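Analysis of the macromolecular model
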Amino acid sequence: MGLIVVSNREPYSPVREGHELHWKAAVGGLTAALDPVLRERGGTWVAWGDGEREIRSVELPPGEGRYRLERLPLRESELQDYYYGFSNRALWPMSHYFLNRVRYLGRYWKAYQRVNRRFAEAVLQVHRPGDLVWVHDYQLCLVPRLVREALPEARIGFFWHIPWPSSEVFRTLPWDHEILEGILGADVVGVHVPEYARHFRSCCRIVLGYDNDGHAVQAPGRAVRVESFPIGVEAKAFAELACSSEVRRAAEELRRQVGTPFLLGVDRLDYTKGIPERLEAFAEYLGRHPEAHGKVTLVQIAVPSREQVDAYRQLREQIERLVGRINGTYGQAGWTPVHYITRGLERRELVAHYLAADVMLVTPLRDGLNLVAKEFAAVSERGVLILSEFAGAAAELKEALLVNPYDYDGLARAIGQALSMPEEERRQRLAELKDRLHRFDLSAWTEGFLHALEGAR
Ligand code: F6P
């Protein structure tokens, strides 16, 4: 059976250097997770072709050609209203409970409908009888229904990678009916955490009046299975990379350069990730622990994204001010408390950072799952994971130090606890985390979802 993956973001972006064109892996959890799936199974990936509009189709990964990417060019106005508008000013903040940031504009909704139609048409062009269609995320909620209308017999899966909110919040969306009906065109709807599945089913009941039957939603004439399938990471590949001499040398070099034990944050620069709150908590910790001055550093990597949305630009400025304030207040000759980096890291460099870090801070205010937490636990040999209870991963990673990221005092205390945790306890917690990550890895996730899809109806 052929597989067609559909997502907004393409897995590799074209980058021109002089006359040469390179395909560079995109930043972001979803594409990083699906690339290995298609590498392994082959198939077609349909996505927005960001840049180099005339290249409509390309074999990927570069040089290996394991699958075909069909690229859909979007006009600047479509991008503004569909991607920056409806996706990232309406659905994203709403789903993460940031109602003070939502902009529900009819113009955005129209573009979202139009672009979803174009994605559905692109799927119809490549679909062959028997293919599985796997649509991803909040940018493409209408695609399952549009494909279903044209191909009533198709097997369609939909995966929602961000939090599904409570119906109280979801109902603020003026197009709540349409979004739900769009998704219910699928046979199987996946989310990361049982809580989100429960919320989704109750939205279907409250907004559309559709009964739930166990894990299924009873839409007119069809039952749609709605379940949690928490995504995993390539635990073995990460662990192997961490054993390579090149990565180990890089990790040692990094520790030497930082010069003190260090806390690490790795995030897309997004207001859901809790970066200012984390910096405030670190400042709180330094304020309470003068003996730690010069002895611990925070390395924060924050990769800019969606910069055309005001909230993201303002956040970047806010973080820069905070970093400046902390370094100005506590820094001394030879010690800069916060190392702030806005460059994305290649996988090897990233693994070297995980390996070198003493404490990993994953403290989003809300997050669908958070793959960084899992990657760190798969790699680290002696570090402590501090994890927000509002990240989906917290439902599984119980051996982390779970924190409320809004509570600066609690977070500052957790930093102290992590830094002074006995070696034996660190290793014990990591061993249990690793055991789970290896059992429920990325291929288990893919197989679990596709198995459910193949078995649907
Ligand atoms: O599911 C969240 C997500 O869509 C993931 O692909 C990734 O973590 C991030 O958001 C990427 O965002 P964007 O494609 O808007 O840069």
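Residues numbered from 1 in each chain as written. Predicted model: local features only at pLDDT ≥ 70, side-chain atom pairs only at ≥ 80, totals over all residues.

**Side note on the confidence of the model for the chain**
Summarising the model, the chain shows a mean pLDDT of 96, and 100% of its residues fall at 70 or more. This prediction of the complex comes with two scores: 0.96 for pTM and 0.94 for ipTM. (pLDDT = per-residue confidence, 0-100.)

**Description of the sheet that holds strand β9 (residues 188-191)**
Read across the sheet, 10 strands follow the order β5-β6-β4-β1-β7-β8-β9-β12-β11-β10 without closing on themselves; strand pairing throughout is mixed. The sheet is open, and its two borders are formed by β5 (57-60) and β10 (212-213), each paired with just one other strand. Direction of pairing for β5 relative to strand β6 (residues 67-72): antiparallel, over a ladder of 4 bridges. Looking at β6, one finds that S57 is bridged to E70. Packing against the sheet, helix α1 (residues 29-41) makes contact with β1 (3-6), β4 (44-48), β6 and β7 (132-136), and its axis sits at approximately 165° to β1. (Pairing = 2+ DSSP bridges. Helix = DSSP H or I, 4+ residues; strand = E, 2+ residues; numbered from the N terminus. Contact = placed C-beta atoms within 7 Å. Axes fitted to C-alpha atoms, helices over the stretch in contact; angles between N-to-C directions.)

**Focus on the pairing of β7**
Buried residues dominate β7, accounting for 5 of its 5 residues. Burial of the side chains of β7 extends over both faces: L132, W134 and H136 are buried on one face and V133 and V135 on the other. (Buried ≥ 20, exposed ≤ 12 C-beta atoms within 10 Å, placed from the backbone.)

**Re the site of the ligand**
Every residue near the ligand is listed here: R9, G28, G29, L30, D137, H161, I162, S305, R306 and G368. For the shell around the ligand, the residue count by class is 2 nonpolar, 5 polar and 3 charged. Two domains each put at least three residues into the shell around the ligand: domain 1 (3-231 + 443-454) and domain 2 (235-439). (Near = placed C-beta within 6 Å. Nonpolar A, V, L, I, M, F, W, Y, C, P; charged D, E, K, R; others polar. Domains from an automatic or database assignment.)

**Overview of the sheet that holds strand β15 (residues 338-341)**
The sheet built from 6 strands is open, its strands ordered β15-β14-β13-β16-β17-β18 with parallel pairing. Edge strands, defined here as strands with exactly one partner in the open sheet, are β15 and β18 (401-403). The average undirected angle you get between the axes of adjacent strands in this sheet is 20°. Relative to the sheet, helix α11 (residues 310-330) contacts β13 (262-269), β14 (297-304) and β15, its axis offset from that of β15 by approximately 155°.

**Here we look at helix α14 (residues 408-419)**
The terminal C-alpha atoms of α14, which comprises 12 residues, lie 17 Å apart, in line with the 16 Å expected from a rise of 1.5 Å per residue. When we look at burial in α14, the residues that qualify are L411, A412, A414, I415 and A418. The buried residues of α14 all sit within an arc of 155° when viewed along its axis, so they share a single face. (Expected span 1.5 Å × (residues − 1). Arc of directions from axis to C-beta.)

**Comments concerning the nonpolar core**
Counting 150 residues, the largest nonpolar core has V6, A373, L385 and I386 as its most contacted members. The element contributing the most residues to this core is helix α3 (residues 106-126), with 9 residues. Counting residues domain by domain, this core receives three or more from each of domain 1 (3-231 + 443-454) and domain 2 (235-439). If we ignore the near neighbours within four places in the chain, the residues touching L385 are M360, V362, A373, F376, A377, L397, A400 and L401. (Core = buried A, V, L, I, M, F, W, Y, C linked by C-beta atoms within 7 Å.)

**Quick look at the environment of V123**
With respect to the secondary-structure elements, V123 resides in helix α3. For the pair formed by V123 and A47, sequence separation is 76 residues and the distance between their alpha carbons is 10.0 Å. Other than its neighbours up to four places away in sequence, V123 contacts I4, V6, V46, V133, V143 and V147.

**Observations regarding the packing of helix α10 (residues 275-288) against α14**
Axis separation between α10 and α14 bottoms out at 8 Å; the angle between their running directions is 65°. Where α10 crosses over α14, the handedness of that crossing is right-handed. Taken together, the residues of α14 that come into contact with α10 (itself represented by E277, E280, A281, F282, E284, Y285 and R288) are Y408, D409, L411, A412, I415 and G416. Tallied by class, the residues present in the contact of α10 with α14 amount to 7 nonpolar, 1 polar and 5 charged. (Left-handed = near helix turned anticlockwise from the far one by under 90°.)

**Focus on the domain arrangement of the chain**
Examined at the domain level, the chain breaks down into domain 1 (3-231 + 443-454) and domain 2 (235-439). Contacts between the two partners involve 18 residues from domain 1 and, on the opposite side, 16 residues from domain 2. Looking at side-chain class alone, the side of domain 1 that touches domain 2 contains 10 nonpolar, 6 polar and 2 charged residues.

**Examining the packing of helix α2 (residues 76-95) against α3**
Between α2 and α3, the least distance of the axes is 8 Å, while the angle of their chain directions is 110°. Between α2 and α3, the interaxial angle falls into the category roughly perpendicular. Contacts between α2 and α3 involve E78, D81, Y82, G85, F86, R89 and A90 on the former and, on the latter, R107, Y108, W109, A111, Y112, R114 and V115. When the residues that make up the contact of α2 with α3 are grouped by side-chain class, the tally is 8 nonpolar, 1 polar and 5 charged. (Parallel < 35°, antiparallel > 145°, perpendicular 65-115°, else oblique.)

**Focus: the pairing of β9**
Going residue by residue along β9, you find V188 and G190 tucked away on one face and V189 and V191 tucked away on the opposite face as well. One ladder, built from 3 bridges, connects strand β8 (residues 155-159) with β9; its direction is parallel. Considered in β9, the bridge of F158 is made with V189. Inspection of the sheet shows β9 paired to strand β12 (residues 222-228) by 4 bridges, in the parallel sense. Counted as the bridge partner of V189 is V226 from β12.

**What about α11?**
If you check α11, its first and last C-alpha atoms are 30 Å apart, about what 21 residues at 1.5 Å a residue would give, namely 30 Å. Every buried residue of α11 is accounted for by L315, I319, L322, V323 and I326. Along the axis of α11, the buried residues cluster in a sector spanning 100°; they form a single face. Facing away from the buried side of α11, by more than 90 degrees, are the exposed residues D310, Q314, E317, R321, G324 and G328. Elements in contact with the buried residues of α11: β13, α10, β14 and β15.

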